Amino acid sequence: MSVREALRSAPMVNDVPGLRLLEVGDGWDLVRTPAAVGFLALAHLRATGTAIGPVLYDGPNERLYYAIGTGTAAGWSDLPVRHLTTNSWLVAPGTEQVHDWFGGWCELPEDDTLTDADALRAALQHPYVATALETVR
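Throughout what follows, the structure given in this document is the object of discussion. All values derive from a computational prediction rather than experimental measurement. (Residues numbered from 1 in each chain as written. Predicted model: local features only at pLDDT ≥ 70, side-chain atom pairs only at ≥ 80, totals over all residues. Heavy atoms only, no water.)

### Some points on helix H2 (residues 35-47)
Counted only if it meets this: We count a stretch as a helix when DSSP gives it H or I for four or more residues in a row; a strand needs E for two or more, and each element gets its number in order from the N terminus. In a helix, the anticipated span is given by 1.5 Å times the number of residues less one. Relative accessible area decides the class of each residue, using a 1.4 Å probe on protein chains only: under 20% of the type maximum gives buried, over 50% gives exposed, and in between gives partly exposed.
In this model H2 runs 18 Å from its N-terminal to its C-terminal C-alpha over 13 residues, within 8% of the 18 Å that 1.5 Å per residue would give. Three or more residues of H2 are buried, namely Ala-35, Val-37, Gly-38, Ala-41, Leu-42, His-44 and Leu-45.

### Quick notes on the packing of H2 against helix H3 (residues 117-124)
Condition: For helices, the axis comes from a line fit to the C-alpha atoms of the stretch in contact; other axes are also lines fit to C-alpha atoms, and the angle between any two N-to-C directions lies between 0 and 180 degrees. Angular relationships are summarised with four words: roughly parallel below 35 degrees, roughly antiparallel beyond 145, roughly perpendicular across 65 to 115, and oblique for the angles in between. The sense of a crossing depends on the near helix, which, turned anticlockwise from the far helix by less than a right angle, makes the crossing left-handed and, turned clockwise, makes it right-handed. Whether two residues are in contact is decided by their heavy atoms: any pair within 4.5 Å suffices. Each residue gets one label: Ala, Val, Leu, Ile, Met, Phe, Trp, Tyr, Cys and Pro are nonpolar, Asp, Glu, Lys and Arg are charged, and the others, such as Gly, are polar.
Between H2 and H3, whose axes approach to 9 Å, the crossing angle comes to 115 degrees. The angle between H2 and H3 places the two elements in the roughly perpendicular class. Here H2 and H3 pass one another in a crossing that is right-handed. Residue-level inspection shows Val-37, Ala-41, His-44 and Leu-45 of H2 in contact with H3, the latter providing Ala-119, Leu-120, Ala-123 and Leu-124. Considering only residue class, the contact of H2 with H3 consists of seven nonpolar, one polar and no charged.

### Overview of the nonpolar core
Worth spelling out the cut-off: Among buried residues, those of type Ala, Val, Leu, Ile, Met, Phe, Trp, Tyr and Cys that are joined through side-chain atoms within 4.5 Å constitute a nonpolar core.
In terms of nonpolar packing, the biggest core is built from 20 residues, with Leu-45, Tyr-66, Trp-76, Leu-120 and Leu-124 touching the most fellow members. Elements represented by at least two residues in this core include exactly H2, strand E4 (55-58), strand E5 (63-68) and H3. If near-sequence neighbours (up to four positions away) are discounted, Trp-76 is found in contact with Val-31, Val-81, His-83, Ala-117, Leu-120, Arg-121 and Leu-124. Counting residues in each nonpolar core, the second largest holds 17 residues, with Leu-7, Leu-22, Trp-28 and Tyr-65 among its members.

### A few points about the side chain of Asp-58
Definition in use: Two residue types count as positive, namely Lys and Arg, and two as negative, namely Asp and Glu; His and chain ends fall outside the count. The salt bridge criterion pairs a side-chain nitrogen of Lys or Arg with a carboxyl oxygen of Asp or Glu, the two atoms within 4 Å. Whenever two N or O atoms come within 3.5 Å, that pair is a polar contact, provided that in protein one can donate a hydrogen and the other can accept it, and provided that, for residues adjacent in sequence, both atoms are side-chain atoms.
Mapping Asp-58 onto the fold places it in strand E4. In this structure, Asp-58 is buried with no salt-bridge partner, the nearest side chain bearing the opposite charge being Arg-63 at 5.0 Å. Only 2.9 Å separates the side chain of Asp-58 from the side chain of Asn-61, close enough to count as a polar contact. Aside from chain neighbours lying at most four places away, what touches Asp-58 is Arg-63, Tyr-65 and Phe-102.

### A look at the pairing of strand E3 (residues 29-34)
In plain terms, the rule: Two strands are counted as paired when DSSP detects at least two bridges linking them.
Here E3 lies mainly inside the structure; six of its six residues are buried. In E3, alternate side chains face the same way, and those of Asp-29, Val-31 and Thr-33 on one face and Leu-30, Arg-32 and Pro-34 on the other are all buried. Examined bridge by bridge, E3 and E5 share six bridges and lie antiparallel to one another. Bridge assignment links Leu-30 to a residue of E5, and that residue is Ala-67. As paired strands, E3 and strand E6 (residues 82-84) are joined by three bridges and run antiparallel to one another. Bridging across to E6, Val-31 finds its partner in His-83.

Now the structure itself:
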């Protein structure tokens with residue numbers, strides 16, 4: 001199931017209009033990055049023409065969440081990211097709330113496109129992104 005489809009069927013968070021509770025690990029996992037690093041990686045992915053799946057910006061916590069294929073993120077321990085999979089949940093704005101105080105969806109494809117985990121790792125290890133990583137560590 002695509003992230004967009006999951007958003008349509010996900011329950012609201014405490015009946016707050018626009019916020020949904022998504023179960024992670026059913027067709028897609030997430031990689032959580034610090035926003036400063038995640039935005040640089042996103043710019044790199046866009047510049048290289050890489051297919052990008054859903055990317056959520058969590059403004060209050062200054063994080064980006066990249067949707068990747070389930071089971072494709074191995075060995076992220078050398079980077080300041082967190083891999084979220086089965087038994088993880090994400091509070092996210094629904095499709096009707098693309099941008100607001102929360103942050104919003106930087107990317108939300110109409111189809112089931114996911115960001116390739118290897119391409120994301122390469123973007124996070126790109127020299128100009130790695131420089132920003134040093135400030136996060």
